[in-house]
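Examining the three-dimensional arrangement
Residue-level listing of the chains:
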Amino acid sequence: MTTIHYGLLIALAIGLLIAAFTDIRSRTISNWLNIAIAAGAPVFWWASGSSLWPDVVWQIGFALVVCAILVGVAYIGYRLNIVILGGGDIKLLGALALWFTPMSYLGMLWYMALCGGVMAILFVLRLMFLRPKTRGVLPYGVAIAGGALLVLYPKLISVPAFA
């Protein structure tokens, strides 16, 4: 793994932490952050030595399928008048599809669901015991970032020390 490759993974991790903190603070994930994460993917592909065909083409195709599914889920929520995922969450998940292989992405979804489940339990306990004046909204960007960071973690610690 090259220094550039490792640096890009660190930049992605920092971007995910920013997404989580801004989602906690304002319940939004900025477009500029999602664009930066998506724009970093082609540099990551280059640093990883991915070939245009089939690697990059398949990665873009995978991301398009993920985005179509996410937009479909959002549309279903819109028709049912419930917010399943916010716009920033959908864009972040779409941008991450450019970084992860399909199997890594499935792992990220698994960890994201676990993080989201723990957050939901804590959210309900907060409502039961603290009885806030407003119910609030669950910042699911935290679960997305948590899932992605858990997938990235082994890659980040496997890099040998720089000499």
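1. A closer look at helix H6 (residues 141-157)
Compared with the 24 Å implied by 1.5 Å per residue over 17 residues, the 24 Å span of H6 between its first and last C-alpha is a close match. Maximal helix bending in H6 amounts to about 35°, located at Val-151; proline Pro-154 follows within four positions. The elements touched by buried residues of H6 are helix H1 (3-26), helix H4 (87-96) and helix H5 (102-129).

2. Things to note about the side chain of Gln-59
With respect to the element layout, Gln-59 can be found in helix H3 (residues 52-80). By relative accessible area, which is 11% here, Gln-59 ends up buried. A polar contact is formed between the side chain of Gln-59 and the backbone oxygen of Ala-97, at a distance of 2.6 Å. Those residues in contact with Gln-59 that sit more than four places away from it in its chain are Trp-45, Ala-97, Leu-98, Trp-99, Phe-100 and Thr-101.

3. Describing the confidence of the model for the protein
Chain-level pLDDT for the protein is 93 on average; 96% of the residues reach the 70-or-more range. Predicted confidence in the protein is weakest over H6, with a mean pLDDT of 94, and strongest over helix H2 (residues 31-48), with 97.

4. Some remarks on the packing of H5 against H6
One can describe the packing of H5 onto H6 by two numbers: an axis separation of 7 Å at closest approach and a directional angle of 130°. Taken together, the axes of H5 and H6 lie oblique to each other. For the pair H5 and H6, the crossing hand works out as right-handed. When H5 is examined against H6, the residues Ser-104, Gly-107, Met-108, Tyr-111, Met-112, Cys-115, Gly-116 and Met-119 are found in contact with a partner set consisting of Val-142, Ala-143, Ile-144, Gly-146, Gly-147, Ala-148, Leu-150, Val-151 and Lys-155.

5. Considerations on a nonpolar patch on the surface
On the surface, Val-118, Ile-121, Leu-122, Val-124, Leu-125, Met-128, Phe-129 and Leu-130 cluster together into a nonpolar patch covering about 820 Å² of accessible area. Residue position: Met-128 is located in helix H5. For Met-128, a relative accessible area of 43% gives the class partly exposed.

6. What to know about the packing of aromatic side chains
For the coordinates displayed, the defined rule picks out three aromatic pairs. Taking 6.5 Å as the distance between ring centres and 35° as the angle between the ring planes, the aromatic pair formed by Tyr-75 and Tyr-78 counts as tilted. A residue pair is termed a helical-turn pair when its members lie 3 or 4 positions apart in one helix, as Tyr-75 and Tyr-78 do in helix H3 at three residues.

Rules and cut-offs
- Residues numbered from 1 in each chain as written.
- Predicted model: local features only at pLDDT ≥ 70, side-chain atom pairs only at ≥ 80, totals over all residues.
- Heavy atoms only, no water.
- Helix = DSSP H or I, 4+ residues; strand = E, 2+ residues; numbered from the N terminus.
- Expected span 1.5 Å × (residues − 1).
- Bend = angle between axes of the 7 residues up to and from the residue.
- Contact = heavy atoms within 4.5 Å.
- Buried < 20%, exposed > 50% of the residue type's maximum accessible area, 1.4 Å probe, protein only.
- Polar contact = N/O pair within 3.5 Å; in protein donor to acceptor, adjacent residues only side chain to side chain.
- pLDDT = per-residue confidence, 0-100.
- Axes fitted to C-alpha atoms, helices over the stretch in contact; angles between N-to-C directions.
- Parallel < 35°, antiparallel > 145°, perpendicular 65-115°, else oblique.
- Left-handed = near helix turned anticlockwise from the far one by under 90°.
- Patch = residues over 30% accessible without salt bridge, like charges linked within 9 Å, V, L, I, M, F, W, Y side chains within 5 Å.
- Areas by Shrake-Rupley, 256 points an atom, 1.4 Å probe, with all protein chains shown as cover.
- Salt bridge = Lys/Arg side-chain N within 4 Å of Asp/Glu carboxyl O.
- Phe/Tyr/Trp six-rings, centres within 6.5 Å; stacked < 30°, edge-to-face > 60°.

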